[in-house]
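Chain and residue survey
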Amino acid sequence: MDVDQKPDAAKGANVLRDLSKFGQSPWLDFIQRSYTADGSLKKLVDEDGLRGVTSNPAIFEKAMGYGTDYDAQIKDLLAKEILSPGELYEKLAITDIKATAKVMHPVFVETKGLDGYVSLEVSPYLAFETKATADEARRLWAAVGEENLMIKIPGTPEGIPAFQEVTSEGISVNVTLLFSLEAYKNVLEAYIKGLEIRHAAGKDISKIASVASFFVSRIDGKIDGAIDRRVKEGDKDAEALKALRGKVAIANAKVAYQHYLEVMKSERWKKLAAAGANPQRLLWASTGTKDKTFSDVLYVEELIGEDTVNTIPPATFDAFRDHGKLRASLTENVDDAFKVLEQQARLGLDLDGVTKTLVTEGCASFCDAFDQLLGAVANKQATFLGSRLIEQKADLPADLKAAADAVLEDWRKTGKGRKLWAKDASVWTGGDEAKWLKWLDIVDERLAHVAELEAFASEVKAKGFSDVLLLGMGGSSLGPEVIAETFGQIAGFPKLHVLDSTDPQQVKTFENAVDLKNTLFIVSSKSGGTLEPNILKAYFFAAAEKALGSAPGKHFVAVTDPGSHMEDVAKKDGFWKIFYGEKQIGGRFSVLSNFGLVPAAAAGLDVRAFLESALRSVKEASASTPPAHNGAMQLGAILGAAATKFGRDKVTIVASPAIYDLGAWLEQLLAESTGKKGTGLIPIDDETLGAPGVYGKDRVFAYLRLTGEACPKQEKAIAALIAAGEPVVTIDLADKLDIAQAFFHWEYATAVAGSVLEIDPFDQPDVEFSKIETKKLTTAFNETGKLPPETPFATSGAFEFFADDVNAKALGQGDALAILKAHFGRVKAGDYVGVLAYIERDLKTREWIQAVRLNLRDQLKVATAAEFGPRFLHSTGQAYKGGPDSGVFLQITADDHADLAVPGERFTFGVVKAAQARGDFDVLSERGRRALRVHIKGPLEAGLAELATVIGKAV
Ligand SMILES: O=P(O)(O)OC[C@H]1O[C@](O)(CO)[C@@H](O)[C@@H]1O
Ligand SMILES: O=C[C@H](O)[C@H](O)COP(=O)(O)O
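For the protein chain, the name recorded in an unreviewed UniProt entry is Transaldolase, with Swaminathania salitolerans as its organism. Checking UniProt for the protein chain, the heading Function (unreviewed entry) contains the comment "Transaldolase is important for the balance of metabolites in the pentose-phosphate pathway." Per UniProt, the comment on the protein chain under Subcellular location (unreviewed entry) is "Cytoplasm".

Of the regular secondary structure elements, the protein chain holds 39 helices and 24 strands. Judged by the C-alpha coordinates and their principal axes, the protein chain covers about 105 × 70 × 50 Å. Here the protein chain, with 955 residues, has 60% of them falling under the buried criterion. Of all intrachain contacts in the protein chain linking residues separated by at least 6 positions in sequence, the fraction that spans at least 24 positions is 79%.

The next subject is the sheet that holds strand 14 (residues 577-580). The 5 strands are arranged 11-10-12-13-14 in an open sheet whose pairing can be described as parallel. At either margin of the open sheet sits one strand with a lone partner, and together these are strand 11 (495-499) and strand 14. With strand direction ignored, the average angle separating the axes of adjacent strands in the sheet is 20 degrees. Pairing of strand 13 (residues 556-560) with strand 14 involves 4 bridges; the strand directions are parallel. Across the sheet, residue Val557 finds its bridge partner in strand 14, namely Lys577. Running at roughly 145 degrees to strand 11, helix 23 (residues 475-487) makes contact with strand 10 (467-471), strand 11 and strand 12 (519-525) of the sheet. Along the sheet, helix 26 (residues 565-572) makes contact with strand 12, strand 13 and strand 14, crossing strand 14 at roughly 160 degrees.

In many analyses, interface size is given as the accessible surface area lost on bringing the parts together. Domain boundaries in the protein chain define domain 1 (15-217 + 261-331), domain 2 (389-422 + 623-757), domain 3 (440-612) and domain 4 (765-954). Summarising the inter-unit geometry, the C-alpha centres of domain 2 and domain 3 are found 30 Å apart. Counting from both sides, the interface comprises 23 residues of domain 2 and, opposite them, 19 residues of domain 3. In this structure, the connection of domain 2 to domain 3 is made through 1 salt bridge. As a salt-bridge pair, Arg588 and Glu672 come within 2.9 Å of each other at their nearest N and O atoms. There are 6 residue pairs in polar contact (both at pLDDT 80 or more) connecting domain 2 and domain 3. Where the side of domain 2 that touches domain 3 is concerned, the elements lending two or more residues are helix 20 (416-421), helix 30 (662-674) and helix 32 (739-756).

Glancing now at the pattern of salt bridges. Tallied over the entire structure, the rule returns 75 salt bridges. Here Glu87 makes a salt bridge to Lys619, at a shortest N to O gap of 3.1 Å. Separated by 532 residues along the polypeptide, Glu87 in helix 7 (residues 85-110) and Lys619 in helix 28 (residues 607-620) bring together distant segments of the chain. Residue classification places Glu87 among the partly exposed positions, given a relative accessible area of 32%. For Arg857, the salt bridge identified is with Asp858, shortest N-O distance 2.8 Å. The partly exposed category is assigned to Asp858, whose relative accessible area is 28%. Through salt bridges with shared partners, one network takes in Lys131, Asp135, Arg138, Glu165 and Glu169.

Along its 13 residues, helix 30 runs 18 Å from first to last C-alpha, staying within 8% of the 18 Å computed at 1.5 Å per residue. Counted residue by residue, helix 30 has 13 buried out of 13 residues, so it is predominantly covered.

The next subject is empty space enclosed by the protein. Considering all chains together, one arrives at 4 cavities of 30 Å³ or more under this definition. Of the pockets and cavities examined, the largest cavity occupies roughly 100 Å³. Residue lining of the largest cavity: 18 residues in total, with Arg418, Ala623, Thr625, Pro626 and Pro627 positioned closest to the centre. At the level of secondary structure, the elements contributing two or more residues to the lining of the largest cavity comprise helix 19 (398-414) and helix 20. In terms of residue count, the dominant contributor to the lining of the largest cavity is helix 20 (3 residues). Residues of the lining of the largest cavity, tallied by class, amount to 8 nonpolar, 6 polar and 4 charged.

Definitions and cut-offs
Residues numbered from 1 in each chain as written. Chains lettered and ligands numbered in written order. Predicted model: local features only at pLDDT ≥ 70, side-chain atom pairs only at ≥ 80, totals over all residues. Heavy atoms only, no water. UniProt positions renumbered as here; feature names shortened; annotations may be inferred. Helix = DSSP H or I, 4+ residues; strand = E, 2+ residues; numbered from the N terminus. Buried < 20%, exposed > 50% of the residue type's maximum accessible area, 1.4 Å probe, protein only. Contact = heavy atoms within 4.5 Å. Pairing = 2+ DSSP bridges. Axes fitted to C-alpha atoms, helices over the stretch in contact; angles between N-to-C directions. Domains from an automatic or database assignment. Salt bridge = Lys/Arg side-chain N within 4 Å of Asp/Glu carboxyl O. Polar contact = N/O pair within 3.5 Å; in protein donor to acceptor, adjacent residues only side chain to side chain. Expected span 1.5 Å × (residues − 1). 1 Å grid on protein atoms, 1.4 Å probe; cavity = no way out; pocket = protein on both sides within 12 Å on 5 of 7 lines; lining within 4 Å. Points joined across faces, edges and corners; volume = space filled by probe spheres on them. Nonpolar A, V, L, I, M, F, W, Y, C, P; charged D, E, K, R; others polar.

Spelled out as structure tokens, the structure:
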């Protein structure tokens, strides 16, 4: 913009300033921080008689998207607060608007509130939502807090009632995106109604100002384009059409002005005017000439009239100052204007259709500009945050990248990210998903209450417990387990142990590992009804009582949802504390709620820093983050597209050793959320990386790398996979604490993938089914003292083989080798093998299962899952039963050499575990899965060694 105006302009001969002699106020359609700061804006006020300023999303995009004007404030804000791109943008925009309002305020004073305004537009994403628009208008009005502010609201059918409502509340509004006479009439009517409502309530209406932004050049752009096309096609009306070029928009504006004059003469208006109301002036917007064959000041010169505003873009402002001519053009040849409109209708130029299209396009293009703007802000934010934000890089084959990009573009266009945050179930199946989305808000909520958790941590420390033993399953145990495994024992705090098994030997091992007299027990169950935490509580409550020689309630803490059975138990047994979960969060999404935070605090983790880290992820995936900058959305899109379009549904999780256990948590999240209705993501955790040749074409690799502690072997193997064209998503965490970010990042990604898979990611129908089967068996045991009998279909040495009739028939009656050969012979490309062992999970058995699964992978070239029961029932179990029918399962059970009684029950831990294995197996069979159970009799170690040998021979 040319601020060095010609000397005579400064002296007084200035057509811009003289517009006021014709009753028109020139406003500037432009905002830029440096322009306001360096005095350029003020110079326009002083020398050109500038009387107002307007902004829109496209204008802010140009201002903030480029250059370094805003960097200092961004840095400053981000040093103090964790913000989403939308929140950051708003703070920057409000700073600009306030600064501009200050510059314009003298005009406001001098013109007694007629002029001197600056406009700030509500989010363009809300253009079709009445309530959200009104709410945002109120919010911005209060946040800016300047009397010479105008809130810009689009004049859509949904925007107009919002405008009326906030007008009645005393907010000054600039109604934008008006193209048609009809919309303008509705706007003026809404203004009058808004004032009438306020007046009837006895409130002052003299402080409300409003303008109706009637767009001009965009109309000619469309109409003239149509004219040119038809002329080129040799239209019979070519000459008449040509005569209308550059005429329709101005005629439309002139006719709108006639309506304004009419209304101003009405008795209804006069009544309001007498009460001090200010007219809603017409403001000519979109007045930069886009067609270079027209005068560059066309839409200023032709629209000069009393009581109007023209918001002029900078180049047009300069041009008009330079060679604009003044005349009262707006009321000139009004009859001709009506004729132009009749003529365009007669010639089929369809102004009505054009204006409708322009509203839609106008909203869409402001949304696009806003996407760009928020993207630019997000970029700057990412640069400033550096490694404080987890970083994601995707190496993908071109076709998968294109498919994931298509998902993202769909999410951008349809605003699905915003719908997700608005808890709109249509993002998924339109079922009851909205009831399960509180995990989106929990980080903010818990941060607000973090002092309670910090106080708890101090109390635990003060009590000097040596151990914390958490009893829970699935979502209630795996998050705490990741925390225990990742951070180890924190100085000054007890050691956190997590028990999620009914294996009697394993229960005993944990009992021996802790000092019962000096242990804090956390019983963790959202539903409060899950079998395992209930019997584990009963067992350890009795054990602690015995050790302490008194009622042990004060050593027990419950984490459970309000109103649960566990809450009753905790109250009855005098637990030290009860922490509540949030009912609208499913177990697998609960780690950032009390289910993860209570054990974290007890173990001495800095929960505030942990939550703040998580908050960075929340903000990065916010409703305002455009898909191109939302890593979690991208991850979900990649996983969803890979599974649905390319059969790459085995999400192979690779994690740096220091954060290895994230995989166990991720398994339950991905499998239980997506594995249903015959589709889903099959997580493959902890499968030591091999050379590219051992993999089929069904994988996506998710590499969680703790930078600084990356494992060179993994790095090399990942590099080889990338080089071989395998899809690899690498997520870098700079600090162990950033597992909190990873938690939210994956929760969000899972929700997105669930949408792509077209399932409800928040239910778990098939897990429930096996719980029912187990319950039947334990009830039978309680009644009869034994589990229902079962007969192996084959016996071989120390092994008994069980299967349903269909599987048994397919596997034959041979020896162990023959049966296993037949079983694994059924594995084909794209399948996976699940080794499901209902035995104690310790270092030795983990090594054993790992060796077996790697052998199976390398021989069969399929993905393998190595799982321990009953723990996996609350994790991957859902997907094995409800997901794609590509699993081939070997369930392993064994004789228990020592059993443990469950206080108050007839059944023992061993019986429960057996019932769980059978319940699990029955459902696998019922679902027609390829499932074989091998029961090891006699010494476990020898049996396992023998089994590994036979499997080795069988594949
Ligand atoms: O916390 P609860 O209710 O005991 O449930 C434990 C786990 O069992 C499931 O409900 C089903 O496996 C999981 O979703 C959950 O994390
Ligand atoms: O209020 C101002 C409008 O947003 C602006 O004038 C639109 O102008 P354009 O059509 O040149 O984008």
